Amino acid sequence: MSRRAGGGQGLPAVDLRLRDLELRELMDDPDCDPRALARTFRRFAVVNSLVSGWRAAWRTHVVPALPASGRGRVLDLGCGGGDLARALVRWAASDGFDIEVVGVDPDPRAIVAATRSVPRGVSFREQSSGDLVAAGERFDVVVSNHVLHHLGDEERAGFLGDSERLAATRSLHSDIRRSASAYRAYALGSVLVAAGTFVRVDGLRSIRRSFTLPELRTALPTGWRAESAAPHRVLAIHDA
Ligand SMILES: C[S@@+](CC[C@H](N)C(=O)[O-])C[C@H]1O[C@@H](n2cnc3c(N)ncnc32)[C@H](O)[C@@H]1O
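Residues numbered from 1 in each chain as written. Predicted model: local features only at pLDDT ≥ 70, side-chain atom pairs only at ≥ 80, totals over all residues. Heavy atoms only, no water.

Student: How should the nonpolar core be read in this particular structure?
Tutor: In terms of nonpolar packing, the biggest core is built from 26 residues, with Leu88, Ile99 and Val143 touching the most fellow members. For this core, the secondary structure elements donating two or more residues are helix H2 (54–62), helix H3 (83–94), strand E4 (98–104), helix H4 (108–114), strand E5 (122–125), strand E6 (139–145) and strand E9 (233–239). A total of seven residues in this core trace back to one element, the largest contributor, which is H3. When sequence neighbours within four positions are dropped, the list of residues in contact with Leu88 reads Trp58, Val74, Ile99, Val101 and Val143. (Core = buried A, V, L, I, M, F, W, Y, C linked by side-chain atoms within 4.5 Å. Buried < 20%, exposed > 50% of the residue type's maximum accessible area, 1.4 Å probe, protein only. Helix = DSSP H or I, 4+ residues; strand = E, 2+ residues; numbered from the N terminus. Contact = heavy atoms within 4.5 Å.)

Next comes the structure, spelled out in structure tokens:
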């Protein structure tokens, strides 16, 4: 991987050889500006639709894991502002599936943002993966977006263990694949959508915290596999 990025887009040069686990996202500050946070949740819906590759992942990795009846329950762990949960029911309807999607997040600010728009087939709850395991819940497929890079080693092990227990068929966790080109592309593109939000700073910090494919392979527990998805994505997958 090219070692450095930035330095030319109004940003200091950064070293991308290693994950930068010291970085904290502005959104994670409980005292951050609530209006900027609300705008950030809404704007991440735009960013996710452009960069997260979920439309393809839905077809290649979620659909094959749904029951043959075409009906199923999908869990979005760490749903944030809820855009992935809403997109999944939309894609399901247009592809002839009838699914229920439950989005959970232990951060009450995320659930306030998510519940601003709750289409038919979607529900949001202020819960963690551990809460759902304790309640004995099960889903056909468990997904997440941009959660893995967010967690420390112990939290990630707990999160993935919870995911295995919650998924009857498949767990699919999608995240950014760290590289200098991903960093450069986001530094340039995010300028267009970042005004008044934490989207640019937090997105760039997220890239610096995220995994390369070999790093993710090493970090995943036994029984999980890592795949790369274009562009700039990694997937962590577990089949029950
Ligand atoms: C970087 S945000 C991603 C939000 C959203 N998925 C998106 O793509 O915009 C990570 C989220 O994971 C949530 N989270 C962390 N640990 C979790 C757990 N064990 N169960 C469910 N959500 C969790 C956090 O509260 C946070 O909102």
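And the narrative resumes.
Student: Is there a simple way to think about the packing of H2 against H3 in this case?
Tutor: Helices that pack against each other are described as a pair by the angle of their axes relative to one another and the distance between those axes. Taken N-terminus to C-terminus, the directions of H2 and H3 make an angle of 55°; their axes are 11 Å apart at the nearest point. Relative to H3, the element H2 is oriented oblique. Classified by chirality, the crossing of H3 by H2 is right-handed. Contacts from Trp54, Arg55 and Trp58 of H2 reach H3 at Leu84, Leu88, Trp91, Ala92 and Ser94. Residue classes in the contact of H2 with H3 are distributed as six nonpolar, one polar and one charged. (Axes fitted to C-alpha atoms, helices over the stretch in contact; angles between N-to-C directions. Parallel < 35°, antiparallel > 145°, perpendicular 65-115°, else oblique. Left-handed = near helix turned anticlockwise from the far one by under 90°. Nonpolar A, V, L, I, M, F, W, Y, C, P; charged D, E, K, R; others polar.)

Student: Explanation requested: the side chain of Asp76 in the structure shown.
Tutor: Looking at where Asp76 falls in the secondary structure, it is placed in strand E3 (residues 71–77). One buried charged side chain, Asp76, makes no salt bridge at all; its nearest oppositely charged neighbour is Arg86, positioned 8.9 Å away. Those residues in contact with Asp76 that lie beyond four places of it in its chain are Leu84, Ala85, Val102, Gly103, Val104, Val143, Ser144 and Asn145. (Lys, Arg positive; Asp, Glu negative; His and termini not counted. Salt bridge = Lys/Arg side-chain N within 4 Å of Asp/Glu carboxyl O.)

Student: I keep staring at H3 and nothing clicks. Help me out?
Tutor: The periodicity of an α-helix, 3.6 residues per turn, causes residues three or four positions apart to be oriented the same way. The end-to-end C-alpha distance of H3 is 17 Å, a good match for the 16 Å that twelve residues give at a rise of 1.5 Å each. Extensive coverage of H3 is indicated by the burial of nine of its twelve residues. Listed as buried for H3 are Asp83, Leu84, Ala85, Arg86, Ala87, Leu88, Val89, Trp91 and Ala92. Directly after H3, the chain includes Gly96, whose backbone phi takes a positive value near 85°. (Expected span 1.5 Å × (residues − 1).)

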